[in-house]
Amino acid sequence: MPQLTGGRVLREALRGQAGRITGSALLSTGHQAGEAMVPVVIGVVVDRAVGTGSSSQLLLWLGVLGAVFLTLSFSFRFGARLGERAAEQAGHVLRVRLTDRVLDACGGADTGRLPGALASVATSDAGRVGMVALVLPLGVAGILGLAVGAVALLRVSLPLGLLVLLGTPLMMGLAHLLGRPLQRRSEVEQDRIAHTAGLAADMVGGLRVLKGIGAERAAAERYRLSSRAALTATVHAARAKSWHDGTLLAVNGLFLAVVALVGGRLAADGAISIGALIAAVGMAQYLIGPLSMLVWVNGELAQGRGSAVRIAEVLASPAAVGGDAPLTGPITGRLAVRGLTHGGLRDLDLDVTAGQLVGVVTADPAHAEALVDLLGREREPDSGTITLDGHDLSTLDPEAVRAALLVAAHDAELFEGTLRDNVLAPAADGSTVPRQRTAPATLTGQADTAADGPLTAAPAASGTDSLLGAALAASGADEVAATLAGGVDGALAERGRSLSGGQRQRVALARALAADAPVLVLHEPTTAVDAVTELRIVNGVRRLREGRTTVVITTSPALLAAADTVHFVADGALTASGTHEQLVREHTGYRATVLA
Amino acid sequence: MTEQRELLPTATGRQAVAALRALLRPRRWLAAAGLFVLTAATAVGLAVAPLLGHVVDLVTTGAPASAITTPVVALAVIAVLSGAATAYGLTLIARLGEGALAELRERFLNRALRLPLGQVERAGSGDLTSRAGNDLNAVASVVRSGLPELARSLLAIGLTLAGLAVLDWRFMAAALLAAPVQLYTVWWYGGRALPLYARQRIAVGAQQQQLLETIGGAPTVRALRRREEHLGRVTGRSQDAVDLTMRGVNLVTRFYARLNLAEFIGLSAVLATGFLLVRSGEVTIGAATAAALYFHNLFTPVNIALGLIDDVQAATAALVRIVGVADLPEPAAPPAARTPADASLHADAVSHSYTADRPVLHDVTIAVPAGQRVALVGASGAGKSTLAGLVAGVHQPTSGSIRVGGVGIGDLDPSGRRAVALITQEVYVFAGTLAEDLRLARPDATDAELTAALERVGAAEWATALPEGLSTVVGEGGHRLTAAQAQQLALARLVLADPAVAVLDEATAEAGSAGARVLEASVAAALHGRTGLLVAHRLTQAALADRVVVLDEGRIVESGSHDELRETPDGRYAELWRAWSGRRDADRAA
């Protein structure tokens, strides 16, 4: 497979819309040609009808004018629609493709990139590449429009035609040259303006924090100062741009005077007709249109190319992990870590007996993170292996590994949707966007009553519902459901932000338990819950995971006390193993880490 | 679940107009000068067509070629004059628009920052953010590019019609035959575009939010193998946005098709009028030519002006959302702002419910003497965070009162130093330098004071190790801080804000167990010398407090010192302490 480059991303995006782009190019050309014909026909009407007084000629040429308008109007209407559809659809396809790449089981696309930056690639950059599908037909039409104008003019008069055709780009080039220093000055100011534009959203994003320390006034003042600086900058920029526009206008007018001078003299000498003179003057004005359009198209193409490069970089990110062997047969859940070196872990050996609840304590929290990343197949280890039932995880299909070994990370996210959809994956049909579930109608017609408790509000009972109930109870998330209007079918806001930290943590734990994986790894699952709930969770997890392998990476004494075995990792290597009681009694380092 | 949200208010058309008028009033002379200069520029430019007509007449009357020179020199002079006047006029209009825009965005942000948090949360975090981002940008872009274009186009249209009338009034009458079609088109379009744009905006916002959620949660999605589901969500929301955009495009293209019809009607009428008037000898061919050129030159300004209705509508949709927030009535100022007598904190018979039928706090009374520290303990959902929020003034209690130094929370002098500060587990780092971030808490702090605050919460070490120290750009797009560092930064802000009362809501939760121990030391240092209310889930924090209050289902079930409560037989706190540390005591004993 050839290297994925920006150019290839762009070509593929355009190829996907080839039909629409071609249609749009044809129709846009018709539109441009029509626009070019209007001044020509005006000239003919003056020449053949107004000048001669012939009614039949007037009617004939007004009829032609009508046909020209009909053509330009319809071709614009449908050409623009095809072009816009191509742009939007191309952007959409890229957006989905980027999301697909980011979510790929092998990971890698989100390594070292901020979510906000990635999302902006999927929106702004995808949109800009899409824009190429819109501007390309316009560029074609602009060039053809120029050609049509040129032919029409040259047929009327060779010298006048040449003057207009060569003079117009020359005139535009001159105006551009004169205006360039002004434009450059305006670009410098743009940066300062962009800064203020982002500042408002940033401050609003931190509203809770600002309010917490009463910094609303200071924030407003800081924004005001930035806004005033931006105002000065924009006014400077606008002044530069105004003089740029004014220059363009003046140069354009001067050029028109030259055309009138040459054309008028030719007409006075009888070399050309009055109609030709009028057409030439009209054309001198018309040509500015397609020419400035080409300049704009060129700018959009440059931006599109830049965006395509950024998209290609994301799509071509190296996979974080590999492996494609299937994992066959029933999983017993025996884990073995051998010589593992990664992110502070040094030559770590560790065994997890199948069916046990095992605690892992790391003296350095960063080592726990490293272990979680490796078990979750987010990273490949620098060296060493982790095996599940004797199979090296690095050789297995990551998807298969995760089906057998679920890692519930400490910073796992919740998603917008109902509590039920968060805990159980929604129905297999993955195409549905989250929607309001209809709560079951009761006899009284009241759909949600808090008194019903969380679980009775659930739709018809099924196997998944008993799983849901068990997971919610074991994680203490049943209490969360009880606080939601609608119980388990109550809605959570984006990222579960409508819940408190402790509530989010319990829902995330319920979700991990409900996945019913042969091996479950929990990373600090109870940091944000109170002591009573934590004890309830410990008992619930123990009961629900009875007979299946569960690894808890934590420093919480309540969780560790419930473990069959505890491994203590200090300085990145296994230092001691035993029960919590034994380790507390015998190992100073362990005691210091767990019982601060 | 957009349906369930209670969006922030949007202004009515009348309110928006009033807001615009208020912005323009102090700038009316600037507006008048700008309009005058642009009018002059346009008027001068209008002489071009009759001069060209004059050239045509010279040719038809068989004048010598040299006679062409005079009108051509006039054309050149006009070109320079109208270019200069246009540039100056546009500069004036830009000063007008940008000044008004700056005032509008400052008023918006000033008001937005003082919105009650509860209201912002009910609307969903995206609502206010999209107003501060997209909507402000939409209005700015119209002011920046739309306003000058609109002014020029309207002037060109008006003066061209006048020019036609000067040639012969019948030319103007013919040109105006296009107007009914144009007016109808604008009316037809206006009624459809605004609601469509509003829906499109919402769909684009939903798409953005979904992308952020899915991409931000990518490791979670992978771990749970929910790729298909999330791909489906993103695809669905993106396609919704695309489809709505296309409906907008269809509308716009039909709009322009109708304007083409108007162009044809007007142009044919002007040409036919010229034909008749020339045949009856009332005008010259040159005048007829000028009229036709005039009308043809109207195509562009008419399209620009009417096409801007598109942008103006979009900006109007954005403007009503901005004005809706900016013009929210100010909360009633306390009748007599008072300064707290001391740093004591009293909550008397406080009850609260977010939704009418779901009370979360019942009749809670707590007194914290100045300088003391009270820990709130209880199961998650017992109402601890709610109480913390009420004390910090984030929400108004449904009933009961909260007083600081004897002054009701609502009667505190809002201009003075903040009496109560709240720090939650939510960490946020503002875009800008570290120093700017800290100075939000105390704008006039010196660098030494900033460093001292960082030192106090144990953050000086990493802060000075940053590439440019206090001047390092942090936050969005800058240097990334860890959760624990960000929380220490929040505590340093607390030290700088120096409130008499500090409320800490699980301020150590995000850091995980190991980080929590470091943060506990930072918290203790930040709280030194203040009255403190702490929501604690780690009982070590409770044990260090002067008093512990146990909440259960929104009620105080126990209150006393750590030692008292620990010894209470069958007490809730005693049970908690055993659950949390019982093993530990046993471990130690063993």
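Residues numbered from 1 in each chain as written. Chains lettered and ligands numbered in written order. Predicted model: local features only at pLDDT ≥ 70, side-chain atom pairs only at ≥ 80, totals over all residues. Heavy atoms only, no water.

Caption draft 1: Spatial organisation of the overall build of chain B. Regarding its fold elements, chain B presents 20 helices and 12 strands. Relative to a compact globule of 590 residues, whose C-alpha radius of gyration would be 25 Å, chain B shows 34 Å and is clearly more extended. In terms of principal-axis extent, the alpha carbons of chain B reach across some 120 × 50 × 50 Å. When burial is assessed residue by residue, chain B has 56% of its 590 residues classed as buried. Contacts in chain B between residues at least 24 apart in sequence constitute 76% of all its contacts with a sequence separation of at least 6. Total accessible area on chain B stands at roughly 23700 Å², and carbon and sulfur atoms take up 58% of it. The positive charge centre, built from 53 side chains, and the negative charge centre, built from 54, are 5 Å apart in chain B. (Helix = DSSP H or I, 4+ residues; strand = E, 2+ residues; numbered from the N terminus. Rg over C-alpha atoms; globule rule 2.2 N^0.38 Å. Buried < 20%, exposed > 50% of the residue type's maximum accessible area, 1.4 Å probe, protein only. Contact = heavy atoms within 4.5 Å. Areas by Shrake-Rupley, 256 points an atom, 1.4 Å probe, with all protein chains shown as cover. Lys, Arg positive; Asp, Glu negative; His and termini not counted. Charge placed at Lys NZ, Arg CZ, Asp CG, Glu CD.)

Caption draft 2: Quick look at the overall build of chain A. Across its full length, chain A carries 20 helices and 12 strands. Computed over the C-alpha atoms, the radius of gyration of chain A is 35 Å, more than 25% above the 25 Å expected from 2.2 N^0.38 for a compact globule of 596 residues. C-alpha atoms of chain A, sized along the principal axes, occupy 115 × 60 × 55 Å. Relative to its 596 residues, chain A shows a buried fraction of 55%. When contacts within chain A are restricted to residue pairs at least 6 apart in sequence, long-range pairs at least 24 apart make up 76% of them. With the model as given, the accessible surface of chain A reaches about 23400 Å², and the carbon-plus-sulfur share is 60%.

Caption draft 3: Focus on the domain arrangement of chain B. Considered domain by domain, chain B is made up of domain 1 (10-115 + 126-326) and domain 2 (345-589). Here domain 1 of chain B and domain 2 of chain B have C-alpha centroids that lie 53 Å from each other. (Domains from an automatic or database assignment.)

Caption draft 4: Structural detail: the sheet that holds strand S6 (residues 420-423) of chain B. All names here are of chain B. Spatially, the 6 strands line up as an open sheet ordered S6-S9-S10-S3-S11-S12, and their pairing is mixed. For this open sheet the edge positions go to S6 and strand S12 (555-560), each flanked by a neighbour on one side alone. Within the sheet, the average angular offset between the axes of one strand and its neighbour, ignoring direction, is 20°. As paired elements, S6 and strand S9 (residues 501-505) share 4 bridges and run parallel to each other. Residue Val-420 lies in a different strand from S9, and its bridge partner there is Val-501. Along the sheet face, helix H16 (residues 483-497) touches S6 and S9 and points at about 180° away from the line of S6. (Pairing = 2+ DSSP bridges. Axes fitted to C-alpha atoms, helices over the stretch in contact; angles between N-to-C directions.)

Caption draft 5: Fine view of the packing of aromatic side chains. Considering all chains together, one arrives at 10 aromatic pairs over all chains under this definition. Consider the rings of A:Phe69 and B:Phe264, whose centres lie 5.6 Å apart with planes at 55°: the pair is tilted. Of this pair, A:Phe69 sits in helix H3 (residues 55-103) while B:Phe264 sits in helix H10 (residues 227-279), on two different chains. Consider the rings of B:Tyr184 and B:Trp187, whose centres lie 5.8 Å apart with planes at 40°: the pair is tilted. Of this pair, B:Tyr184 and B:Trp187 both sit in helix H8 (residues 179-216), 3 residues apart, roughly one helical turn. Residue B:Tyr184 is classed as partly exposed on the basis of its relative accessible area, which comes to 43%. Judged by its relative accessible area of 62%, B:Trp187 is exposed. Ring-pair connections join several aromatic residues into one group, and the members of that group are A:Phe69, B:Phe264, B:Phe295 and B:Phe299. Across from the ring centre of B:Trp188, 3.9 Å away, lies the NZ or CZ of B:Arg258, which sits over that ring. (Phe/Tyr/Trp six-rings, centres within 6.5 Å; stacked < 30°, edge-to-face > 60°. Lys NZ or Arg CZ within 6 Å of the ring centre and 35° of its normal.)

Caption draft 6: Region of interest: the confidence of the model for chain A. Residues at a pLDDT of 70 or more form 90% of chain A, whose mean pLDDT is 85. This stretch, residues 428-461 of chain A, has a pLDDT under 50; its non-local contacts, to residues over four places away or in other chains, come to 47 contacts. (pLDDT = per-residue confidence, 0-100.)

Caption draft 7: Main features of the sheet that holds strand S2 (residues 359-368) of chain B. Residues and elements named next belong to chain B. One open sheet holds the 4 strands; their spatial order is S2-S1-S4-S5, and the pairing between them is antiparallel. The sheet is open, and its two borders are formed by S2 and strand S5 (407-408), each paired with just one other strand. The pairing of strand S1 (residues 345-353) with strand S4 (residues 399-404) spans 5 bridges and is antiparallel. In the strand pairing of S4, Asp-348 is matched with Ser-401. The strands that helix H12 (residues 384-391) touches are S1, S2 and S4; relative to S2, the one it contacts most, it runs at about 60°.

Caption draft 8: A look at the domain arrangement of chain A. Residues and elements named next belong to chain A. By the assigned domains, chain A splits into domain 1 (1-157 + 290-320), domain 2 (158-271) and domain 3 (335-425 + 455-594). Averaged C-alpha coordinates put domain 1 and domain 2 at centres separated by 23 Å. The partner domain 2 presents 11 residues to the 7 residues of domain 1 that form the contact. Approximately 670 Å² of surface area, both sides summed, lies buried where domain 1 meets domain 2, with 82% of it carried by carbon and sulfur atoms. Taken together, domain 1 and domain 2 are joined by 0 salt bridges. (Buried area = accessible area lost by both parts, 1.4 Å probe. Salt bridge = Lys/Arg side-chain N within 4 Å of Asp/Glu carboxyl O.)

Caption draft 9: Seen up close, the environment of A:Ile274. Residue placement: A:Ile274 occurs in helix H8 (residues 274-286). On the basis of relative accessibility, which here comes to 16%, the residue A:Ile274 falls in the buried class. A sequence separation of 113 residues divides A:Ile274 from A:Thr387, and the C-alpha atoms of the two residues are 91 Å apart. Sequence-distant contacts of A:Ile274, defined by excluding residues within four places in its chain, comprise A:Asp47, B:Val56, B:Val59 and B:Thr60.

Caption draft 10: View of the interface of chain B and chain A. Counting from both sides, the interface comprises 158 residues of chain B and, opposite them, 162 residues of chain A. When chain B packs against chain A, the two sides together hide about 14100 Å² of surface, and 65% of this comes from carbon and sulfur. Measuring nitrogen to oxygen at the nearest pair gives 2.9 Å for the salt bridge that ties A:Glu378 to B:Arg222. For the pair chain B and chain A, the interface holds 32 residue pairs in polar contact (both at pLDDT 80 or more). Sorting elements by how many residues they give to the side of chain B that touches chain A places H10(B) first, with 34 residues. Counted by class, the side of chain B that touches chain A contains 74 nonpolar, 45 polar and 39 charged residues. (Polar contact = N/O pair within 3.5 Å; in protein donor to acceptor, adjacent residues only side chain to side chain. Nonpolar A, V, L, I, M, F, W, Y, C, P; charged D, E, K, R; others polar.)

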